[in-house]
Amino acid sequence: MFETRHRRKDGTICEVEIYAVSLMLEGRKHCYASTRDITARKQTEQRLRLQGGALEAAANAIVITDREGNIEWVNAAFTTVTGYSVAEVVGKNPRLLKSGKHDPAFYQNLWDTICAGNAWRGEIINRRQDGSFYTEDIMITPLKDERGEITHFIAVKQDITQRKLLEEEFRQSQKMEAFGQLAGGVAHDFNNILTVIQGGAALLQMNLTAEDKDQAIQQIAQAAKRAAGLTSQLLSFSRRQIMHARPVDLNESVTAMGKMLQRLIGENITLQTRLLPGGAPVHADPGMIEQILLNLAVNARDAMPAGGQLGITLENLTLTPAAAALHHLARTGNFIRLTVQDTGAGIPPEILPRIFEPFFTTKDIGKGTGLGLATVHGIIQQHHGWVQVESEPGKGSTFHVFLPRLAGMHEIQSEEYRVIEAASGLAALETWRQHGRQVDLLLTDIIMPEGVSGSELVVQLQAAKPGLKIIYMSGYPGEVAGRGLELDEGTNFLQKPFTPAKLAQIVRDCLDAALKL
């Protein structure tokens, strides 16, 4: 058998496979041959070789798994990014790349999506063979056979670690620039607050009626609350931290950022907000939500140099398959839509498709890095949402941010507990010797007097009772006071000052989590 090329009658070239047989019959040699046109097969083989070569040479890492998620093939880019060889991963599950940075619900949502026949796209922090972390933008697509049944999954993965680092550097530089603009307004607000406190304190020193004294005390308490809110806002605005998602009411986020945004956009721009009655719950990192609001507000301000109006609106939306089909990134389900709308210059249609590209900017040199909207886009993707933009020259711009609505957000409620107090770390150790068996949860300052810190106290008590639940608190930001500790605001850490209601909430959540284990 051999293959060759023949010219057809019409002049075209075809590939043929020839089978030749030689037989001896009655002392005479007989030759028989048959031919088969294999042009289509050859073209298919060539196309497969081309596709395979393209996949192997692709700059992005590519992984193909079977229906159960076991790896069948990876390309060279995968081995370069992860440090694993082909032999080390074939037959294994991609979970060997897990970093521990995502909770089980994250992976369950991913698996449920692709097993339902839908594509999944998002950002994942994975771990290389050497233990270092890296961030990937991943698209996972189910592959189906002729019967429509899923046989494989293909993942195309882009390493965006350097881009994320640049975005983080930009966020910090933007915050520093914004601090300069905020300084005057913050000083003004603090002076007003201090005036109220000083005035109230002076009144308490006078010979007043009980009713007047109560009123002065209330004024001092309200002023202290405003001061604490301003301090908390500045701390959350300045600190650097890994994404820590938790239940967040976007109503509270928009309200908390209101004054800060008004200072940033200036007096010639009117800020109007419309909140969502009943709350706007999402699972998000509060600091990153503030970054979205900040970047979109600054972008709107720059589009309205002569002044105008900036609106921030929250809405509930349920997207049906028909509605989701209207936008390529949309999907069905329940969402909170955050809309930021300005009356500025608008965006030309030839520029609109590029506004989320990193480093793309139409601003003058020195006035824009081209990372503001790219940062917004990246944060929204991290939260498994998407953004849609509507704009026309001379008619302003509207940014619609869609975030999955969080069902069943836990409401704060008062609880009764038996509380055993200790004034220091050493006192807590002595109290533990007497009552340790009765203690289910430890609430401790991180920095304490008498030589025993909160973290040292925790080590000793958990050695005696491994199941002991821990909540830390501090007047310093978590990343400053708790170096070396895994702190998550609202889960196992409270930033002072905090309200009794917030304390009750985190205690209840912590104990409830223990009961589910």
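Use the structure listed above.
In this report, we go over the structure that sits alongside the text.

**A look at the overall build of the chain**
Counting secondary structure elements, the chain contains 14 helices and 18 strands. When the 517 residues of the chain are sorted by exposure, 40% land in the buried category. In the chain, 58% of the contacts between residues at least 6 apart in sequence involve partners at least 24 apart.

**Here's the deal with the packing of aromatic side chains**
Applying the stated criterion across every chain yields a total of six aromatic pairs. A ring pair is formed by Phe106 and Trp120, whose centres lie 5.9 Å apart and whose planes are at 90 degrees; its orientation type is edge-to-face. Residue Phe106 is located in helix H4 (residues 104-115), and its partner Trp120 is located in strand E6 (residues 120-127); the two are separated by 14 residues in the primary sequence. In terms of burial, Phe106 and Trp120 fall into one category: buried. Seen from their ring centres, Phe335 and Trp386 are 4.9 Å apart, and the 75 degrees between their planes marks the pair as edge-to-face. With Phe335 in strand E13 (residues 333-342) and Trp386 in strand E14 (residues 386-391), the pair connects residues that are 51 residues apart, well separated along the chain. Phe335 sits in the buried class, given a relative accessible area of 2%. Taking relative accessible area as the criterion, Trp386 reaches 2% and is therefore assigned buried.

**Describing the pairing of strand E5 (residues 71-74)**
Two strands pair when backbone bridges link them, and strand E4 (residues 61-66) and E5 are joined in this way by three bridges, in the antiparallel orientation. In the strand pairing of E5, Val63 is matched with Val74. Linking E4 to E5, which pair antiparallel, is a turn of four residues; within it Gly69 sits at a positive phi near 95 degrees.

**Concerning the sheet that holds strand E8 (residues 150-159)**
Strands sit in the order E5-E4-E8-E7-E6 across an open sheet of five strands; the sheet is antiparallel. Where the open sheet ends on each side, the last strands, each with one partner, are E5 and E6. Pairs of neighbouring strands in the sheet enclose a mean axial angle of 30 degrees, with direction left out of account. Sheet topology places strand E7 (residues 133-144) next to E8; nine bridges connect them, and they run antiparallel.

**Points about a nonpolar patch on the surface**
Together, Val21, Leu23 and Leu25 make up a nonpolar patch on the protein surface, roughly 230 Å² of accessible area in all. Here Leu25 lies in strand E2 (residues 13-25). Under the relative-accessibility criterion, Leu25 is labelled partly exposed at 41%.

**Here we look at helix H8 (residues 286-302)**
With 17 residues, H8 ought to run about 24 Å at 1.5 Å a step, and its terminal C-alpha atoms sit 25 Å apart, in line with that. Most of H8 is tucked away: 14 of the 17 residues are buried. With a side-chain oxygen positioned 2.9 Å from the backbone nitrogen of Gly287, the residue opening H8 is Asp285.

**Structural notes on the sheet that holds strand E16 (residues 441-445)**
Spatially, three strands are ordered E16-E17-E18 in an open sheet, and the strand pairing comes out parallel. The open sheet is flanked by E16 and strand E18 (493-495), the only strands paired with a single partner. Across this sheet, the average inter-strand angle for adjacent strands is 20 degrees, counted without regard to direction. Bridge analysis of E16 against strand E17 (residues 469-474) gives five bridges, and the strand direction is parallel. Residue pairing for E17: Thr444 is matched across the bridge by Tyr472.

**A word on helix H12 (residues 454-464)**
Buried within H12 are the following residues: Gly454, Leu457, Val458 and Leu461. Each buried residue of H12 lies within a common arc of 100 degrees when the element is viewed along its axis, so the set occupies one face. Among the exposed residues of H12, those oriented more than 90 degrees off its buried face are Val459 and Ala463. Buried residues belonging to H12 abut helix H11 (425-435), E16 and E17.

**Here's the deal with the nonpolar core**
Membership of the largest hydrophobic core comes to 41 residues, with the highest contact counts inside it found for Leu250, Ile292 and Leu310. In terms of residue count, H8 provides more of this core than any other element does, nine residues in total. Other than its neighbours up to four places away in sequence, Leu310 contacts Ile265, Ile269, Thr270, Leu271, Gln272, Ala297, Ala300, Met304, Val340, Gln341 and Asp342. Membership of the second largest hydrophobic core comes to 22 residues, among which are Phe78, Tyr84, Tyr107 and Ile150.

**Side note on the packing of H8 against helix H10 (residues 372-382)**
Axis separation between H8 and H10 bottoms out at 9 Å; the angle between their running directions is 150 degrees. On the basis of their axis angle, the class for H8 and H10 is roughly antiparallel. The chirality of how H8 crosses H10 is left-handed. Two secondary-structure elements touch here, H8 through Met288, Gln291, Ile292, Asn295, Leu296 and Asn299 and H10 through Gly372, Leu373, Thr375, Val376, Ile379, Ile380 and Gln382. Among the residues forming the contact of H8 with H10, the class breakdown is seven nonpolar, six polar and no charged.

Calculation rules
- Residues numbered from 1 in each chain as written.
- Predicted model: local features only at pLDDT ≥ 70, side-chain atom pairs only at ≥ 80, totals over all residues.
- Heavy atoms only, no water.
- Helix = DSSP H or I, 4+ residues; strand = E, 2+ residues; numbered from the N terminus.
- Buried < 20%, exposed > 50% of the residue type's maximum accessible area, 1.4 Å probe, protein only.
- Contact = heavy atoms within 4.5 Å.
- Phe/Tyr/Trp six-rings, centres within 6.5 Å; stacked < 30°, edge-to-face > 60°.
- Pairing = 2+ DSSP bridges.
- Axes fitted to C-alpha atoms, helices over the stretch in contact; angles between N-to-C directions.
- Patch = residues over 30% accessible without salt bridge, like charges linked within 9 Å, V, L, I, M, F, W, Y side chains within 5 Å.
- Areas by Shrake-Rupley, 256 points an atom, 1.4 Å probe, with all protein chains shown as cover.
- Salt bridge = Lys/Arg side-chain N within 4 Å of Asp/Glu carboxyl O.
- Expected span 1.5 Å × (residues − 1).
- Polar contact = N/O pair within 3.5 Å; in protein donor to acceptor, adjacent residues only side chain to side chain.
- Arc of directions from axis to C-beta.
- Core = buried A, V, L, I, M, F, W, Y, C linked by side-chain atoms within 4.5 Å.
- Parallel < 35°, antiparallel > 145°, perpendicular 65-115°, else oblique.
- Left-handed = near helix turned anticlockwise from the far one by under 90°.
- Nonpolar A, V, L, I, M, F, W, Y, C, P; charged D, E, K, R; others polar.

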